[in-house]
Amino acid sequence: SKDEKTILDIKFVAQKSSVKNSAIYFIYLADEFLCDAGINAFIIPKSFCYSLGWNKCAQFIVQGLFKLVDMGMAFGNVLLEQVVFVRVKNQITEQFVNGLFEQQEIKEYAPVSKAIFSRYSVLLAGQTPAEIALIERILTAHKKTWGEYVLIERGLNWQSKVVDKPGRTPIYRGAQLKKYFL
């Protein structure tokens, strides 16, 4: 309800972000109920991995992040692709397990260094060991920020220009693996 949302806004004022997703409040609430080494997991929007609006929450989660799985799809009646995180309270590690949900199975891939998040504010999920190795090679060889390699834009500013007829610039859009063009 609106009253409950107001209570959570007040309780978690220091954690407030531009994202209007109540999952953020429930992540913080879950932490209050966990004992040391307690485990919690959430299914949340994939934008958690790269959106600056989720950044405060991601900084909180990454400390105890144990596993991050790209669901590779949006669930029924949900517009956004999802990830699942598993977090262990007060367990600080330098890596987390990265995985992908594929054909009714969770495939666990290469561990990911949390230093990538610290430096680039991006959490990697669903990458194979070869992809992680390539990412690490690029980041090691070139001392630039993540934003100098990629630009993440959301909304109709570019989506309205995407067509499925052949064009000059191929685009692979999310896990749908259907080729689109600009």
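Our structure's up above, just so we're on the same page.
The structure contained in this document is the topic of the report that follows.

The rules behind these values
- Residues numbered from 1 in each chain as written.
- Predicted model: local features only at pLDDT ≥ 70, side-chain atom pairs only at ≥ 80, totals over all residues.
- Heavy atoms only, no water.
- Helix = DSSP H or I, 4+ residues; strand = E, 2+ residues; numbered from the N terminus.
- Expected span 1.5 Å × (residues − 1).
- Buried < 20%, exposed > 50% of the residue type's maximum accessible area, 1.4 Å probe, protein only.
- Arc of directions from axis to C-beta.
- Contact = heavy atoms within 4.5 Å.
- Phe/Tyr/Trp six-rings, centres within 6.5 Å; stacked < 30°, edge-to-face > 60°.
- Pairing = 2+ DSSP bridges.
- Polar contact = N/O pair within 3.5 Å; in protein donor to acceptor, adjacent residues only side chain to side chain.
- Axes fitted to C-alpha atoms, helices over the stretch in contact; angles between N-to-C directions.
- Parallel < 35°, antiparallel > 145°, perpendicular 65-115°, else oblique.
- Left-handed = near helix turned anticlockwise from the far one by under 90°.

**What to know about helix α5 (residues 129–141)**
Between the first and last C-alpha of α5 there are 18 Å, a value that for 13 residues agrees with the 18 Å anticipated at 1.5 Å per step. Regarding α5, the residues found buried are I132, I135 and L139. Projected onto a plane normal to the axis of α5, the buried residues spread over an arc of 65 degrees and lie on a single side. Looking at α5, the residues exposed on the side facing more than 90 degrees away from the buried face are A130, R137, T140 and A141. Tucked into the core, α5 has its buried residues touching β4 (95–102), β5 (105–113) and α4 (115–120).

**Thoughts on the packing of aromatic side chains**
Counted under the stated rule, the structure contains four aromatic pairs. With centroids separated by 5.8 Å and ring planes inclined at 25 degrees, the aromatic side chains of F42 and F85 adopt a geometry described as stacked. Within this pair, whereas F42 is found in strand β1 (residues 39–45), its partner F85 is found in strand β3 (residues 82–88), the two being separated by 43 residues in sequence. Residues F42 and F85 agree in their burial class; the two are buried. Grouping aromatic residues by their ring pairs yields a cluster made of F42, F48, W54 and F85.

**Digging into the pairing of strand β2 (residues 65–70)**
Across the six residues of β2, five count as buried, placing the element largely inside the fold. Here β2 runs beside β3; their pairing, made up of five bridges, is antiparallel. Of the residues in β3, the one forming a bridge with K67 is V86. Pairing of β2 with β4 involves four bridges; the strand directions are parallel. Note on β4: the bridge partner recorded for D70 is L100.

**Concerning the side chain of K67**
Tracing the backbone shows K67 in strand β2. On the basis of relative accessibility, which here comes to 19%, the residue K67 falls in the buried class. Of the polar contacts made by the side chain of K67, one reaches the side chain of E108; its length is 2.4 Å. Look past the residues within four positions of K67 in its chain and what remains in contact with it is V84, F85, V86, F96, V97 and E108.

**Examining the packing of helix α1 (residues 2–11) against helix α2 (residues 23–33)**
Across the interface, α1 lies against α2 with an axial gap of 11 Å and an inter-helix angle of 65 degrees. With respect to α2, the axis of α1 lies roughly perpendicular. By crossing handedness, the relation of α1 to α2 is classed as left-handed. Residues K5, L8, D9 and K11 of α1 touch α2, and the partners they reach there are Y25, L29 and E32.

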